[in-house]
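Read off the chains here:
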Amino acid sequence: DENKKIKQPEFKVVNMVVTAIKLDAELEIVDEDSLIVSATDITIVDNSSLRVVYENSVPTGDTSVFISSAGLTPDTEYTIYAKATYKIDDVEYTKSFVNKIFRTEALGVTFEKSYATSNTLTVGVKKKNYSKVTSVVISILDEKGGKLNYKGVDFSKNNNMEVTFEGLDKNTTYKVVM
């Protein structure tokens, strides 16, 4: 029937949970006229560096797509894309059906050097009141990035803590990471 209105495919974000380091999302694909002719390519891009941090391809015919991407950077803006090809009257169209910007939460934990001696380094670690973080690990690295030591910090009793690394060499560069 030539008068039949063709319904283009639709993608909907039906659920999305973002934390400081993770995105869990569910997409619903509505393709009533079975026009999609390709896999759906899901991509998450770090907007500041344009680096692709997640890629997945979902087979044609799937109507629910679950996305789980851990290892994201806190307080960072990302875009999630869902792209597919569909065909109408023997003409193929490739479209980005989802183009959604999201921002990961801030950790709410900072650290800075409190003081140093010739063979020790003390680092102050502070948790903001809004932060949901219960503990962190502070590591000290050598100049090449090798881990020399680490200390766990538990915020269950206090939001302002200090950790001290001992046995360090004087006049040596170290890097502290959380």
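Scroll up a little and you will see the structure.
Scope of this entry: the structure provided in the associated data block.

Rules used throughout
Residues numbered from 1 in each chain as written. Predicted model: local features only at pLDDT ≥ 70, side-chain atom pairs only at ≥ 80, totals over all residues. Heavy atoms only, no water. Salt bridge = Lys/Arg side-chain N within 4 Å of Asp/Glu carboxyl O. Helix = DSSP H or I, 4+ residues; strand = E, 2+ residues; numbered from the N terminus. Contact = heavy atoms within 4.5 Å. Pairing = 2+ DSSP bridges. Axes fitted to C-alpha atoms, helices over the stretch in contact; angles between N-to-C directions. Phe/Tyr/Trp six-rings, centres within 6.5 Å; stacked < 30°, edge-to-face > 60°.

Regarding the pattern of salt bridges
Right, so step 1: On inspection of all chains with the given rule, the structure shows five salt bridges.
Right, so step 2: The salt bridge partner of glutamate 32 is lysine 7, with a shortest N-O separation of 3.4 Å. Residue glutamate 32 is located in the loop between strand S2 (22-30) and strand S3 (40-46), and its partner lysine 7 is located in the segment before strand S1 (10-18); the two are separated by 25 residues in the primary sequence.

Observations concerning the environment of valine 45
Right, so step 1: Mapped onto the elements, valine 45 comes out in strand S3.
Right, so step 2: Spatially, the C-alpha atom of valine 45 lies 9.1 Å from that of glutamate 55, the residues being ten residues apart in sequence.
Right, so step 3: Sequence-distant contacts of valine 45, defined by excluding residues within four places in its chain, comprise Leu50, Arg51, Val52, Glu77, Tyr78, Thr79 and Tyr81.

With respect to the sheet that holds strand S12 (residues 160-165)
Right, so step 1: If you trace the three strands from one edge of the open sheet to the other, you get S8-S9-S12, paired in antiparallel fashion. Each end of this open sheet is capped by a strand with a single partner; those strands are strand S8 (109-116) and S12. Sheet twist, expressed as the mean angle between neighbouring strand axes with direction ignored, is 25°.

Quick look at the pairing of strand S11 (residues 147-154)
Two faces belong to every sheet, and in a regular strand the side chains alternate between them.
Right, so step 1: In this structure, strand S10 (residues 135-141) lies alongside S11, joined through seven bridges in antiparallel fashion. Bridging from a neighbouring strand, valine 137 pairs with glycine 152 of S11.
Right, so step 2: A loop of five residues connects S10 with S11, the two strands running antiparallel in sequence, and glycine 145 in this loop sits at a positive phi of about 95°.

Here's the deal with the pairing of S1
Right, so step 1: Here S1 runs beside S2; their pairing, made up of eight bridges, is antiparallel. Following the sheet pairing, valine 18 is matched in S2 by leucine 23.
Right, so step 2: What sits between S1 and S2 in their antiparallel hairpin is a turn of three residues.

What to know about the packing of aromatic side chains
Any two aromatic rings considered together are summarised by their centre-to-centre distance and by the angle between their planes.
Right, so step 1: Considering all chains together, one arrives at four aromatic pairs under this definition.
Right, so step 2: An aromatic cluster is defined as three or more aromatic residues linked by ring pairs; in this entry it consists of Phe11, Tyr86, Tyr93 and Phe97.

A short note on the sheet that holds S3
Right, so step 1: The four strands are arranged S4-S3-S6-S7 in an open sheet whose pairing can be described as antiparallel. Either end of the sheet is taken by a strand with one partner, and the two such strands are strand S4 (52-58) and strand S7 (91-103). The sheet shows a mean angle of 15° between the axes of neighbouring strands, taken without regard to direction.
Right, so step 2: In this sheet, S4 lies alongside S3 in antiparallel orientation, the contact comprising six bridges. Pairing of threonine 40 across the sheet is with valine 58, part of S4.

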